[in-house]
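# Notes for the structure review
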Amino acid sequence: MSLNNVPSAERIHIGFFGMCNAGKSSLVNAVTGQSLSVVSDVKGTTTDPVKKAMELLPLGPVVILDTPGLDDEGELGRLRVDKARQMLAQTNIAVLVADAQSGLGDMDRWLLQELKERKIPFLIAFTKADLAADHPASGESVIYVSAVTGEGVNELKEKLGQFAKQLENPRVLVRDLLSPGDLVVLVTPIDEAAPKGRLILPQQMVLRDILDAHAMAVACQDTELKDTLSALGRKPRMVITDSQAFAAVAKDTPADIPLTSFSILMARYKGELASLVRGFSALSRLQDGDRVLISEGCTHHRQCKDIGTVKMPGWIGQFSKAKPEYHFTSGGEFPQDLSPYRVVVHCGACMLNEAEMKHRVSLAAQANVPMVNYGIAIAGMHGILKRSLELFPDLLALLA
């Protein structure tokens, strides 16, 4: 896979933040060597976050985020500022951009405190260094740059590269559970919700992880699982299924073959599996009128049998014997205040980077609202959660 084909959710997200006219967009253009952002002397030129996936040496595949000024004014300005703040949830490395002639203001200091609390590594880039009389600030996190002369731009990129190396996380989906030569069956139903001519991202990622383990994969639909298992000639190491087919696949998979789902593996990959497993029990305690937030990290055309808005509410109602009130969000929309909700049911988050998913889980924890993901919820509501977690014995105690 070339660097430019790396999914955005798997790229390091570098966010540029600061006041209006601090020189954010000019610096972004200088760092990337492209005119990604419109540059103007007019205050508030950047009205919405600019988001660009690209290859940036020496970092490799990244997503660059150029955000509106944090001191934008008026009602529309407030909305822009809120959008800039939302970008913090996606940010792996932050660059606070400040005018070298003006120094740091109150909003800059607020942002620095926010970055520290969120444990986001950051650099302070003082722009327009060619116009400043002196450079009084110093430290490992401080750099003076000029988009006009190029001063400090390469140094900034090198420092970002050092941060990127520190953030490298040898996360795996499933390959640590496999040995060379193992056989894995992937159950990928093709229904009206399946994309035309391709597999969805979690299926692609799991397949690649299996190949990286020098194991072998066989893919089939849920309706062909029995015949597939019979034709293999030997027992597979495990079966991995799309969550929507959990019940049928569990019925057709012998008990001595481990079974899990793409969604559960994605939760493990994002580092939030344990907390999402803990959240499942909240579904059994729902009462009439309780608010349930069903959230998806991507946006897509809703089908008549859409999992989020149709299937999931149906399963929750049957399981809880209650009539909750359902609320739905998708894409970048996610409430910052989750206190009105009894439970949050989230998708597998394949389109969200690790930083944003951790932020959403932390918001739920701060509000003391349980969160569970689709795979765990579906397995639990069909009575097969314990079986779906047998590959991860350390988590079974959470079900006691």
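Presented here is an overview of the structure given in this document. Values in this document were obtained by computation on a predicted structure and should not be read as measured data. (Residues numbered from 1 in each chain as written. Predicted model: local features only at pLDDT ≥ 70, side-chain atom pairs only at ≥ 80, totals over all residues. Heavy atoms only, no water.)

## Some points on the pattern of salt bridges
Counted according to the given criterion, the structure contains twelve salt bridges. As a salt-bridge pair, Lys 128 and Asp 99 come within 3.3 Å of each other at their nearest N and O atoms. One end of the pair, Lys 128, is in the loop between strand 5 (122–127) and strand 6 (142–144); the other, Asp 99, is in strand 4 (residues 93–99), with 29 residues separating them in the sequence. On the accessibility criterion, Asp 99 (13% relative accessible area) is buried. Taking the shortest distance from any N to any O, the salt bridge between Arg 208 and Asp 212 comes out at 2.9 Å. Placement of the pair is Arg 208 and Asp 212 together in helix 5 (residues 201–212), with a separation of four residues, close to one helical turn. We classify Arg 208 as partly exposed; its relative accessible area is 42%. Connected via shared salt-bridge partners are Glu 272, Glu 354 and Lys 358. (Salt bridge = Lys/Arg side-chain N within 4 Å of Asp/Glu carboxyl O. Helix = DSSP H or I, 4+ residues; strand = E, 2+ residues; numbered from the N terminus. Buried < 20%, exposed > 50% of the residue type's maximum accessible area, 1.4 Å probe, protein only.)

## Some details on helix 3 (residues 106–117)
Between its terminal C-alpha atoms helix 3 stretches 17 Å, which fits the 16 Å expected from twelve residues at 1.5 Å a residue. All buried positions along helix 3 are accounted for by Asp 108, Leu 111, Leu 112, Glu 114 and Leu 115. The buried residues of helix 3 all sit within an arc of 160° when viewed along its axis, so they share a single face. In helix 3, the exposed positions angled more than 90 degrees off the buried face are occupied by Asp 106, Lys 116 and Glu 117. Where helix 3 terminates, the next one or two residues include Lys 119, which has phi positive at roughly 60°. (Expected span 1.5 Å × (residues − 1). Arc of directions from axis to C-beta.)

## Some words on the sheet that holds strand 7 (residues 183–187)
Spatially, four strands are ordered 8-7-9-10 in an open sheet, and the strand pairing comes out parallel. Two strands bound the open sheet, and with one partner strand each, they are strand 8 (216–220) and strand 10 (259–261). Averaged over all adjacent pairs, the angle separating strand axes in this sheet is 25°, with direction ignored. Relative to strand 8, strand 7 runs parallel, the two being bridged by five bridges. (Pairing = 2+ DSSP bridges. Axes fitted to C-alpha atoms, helices over the stretch in contact; angles between N-to-C directions.)

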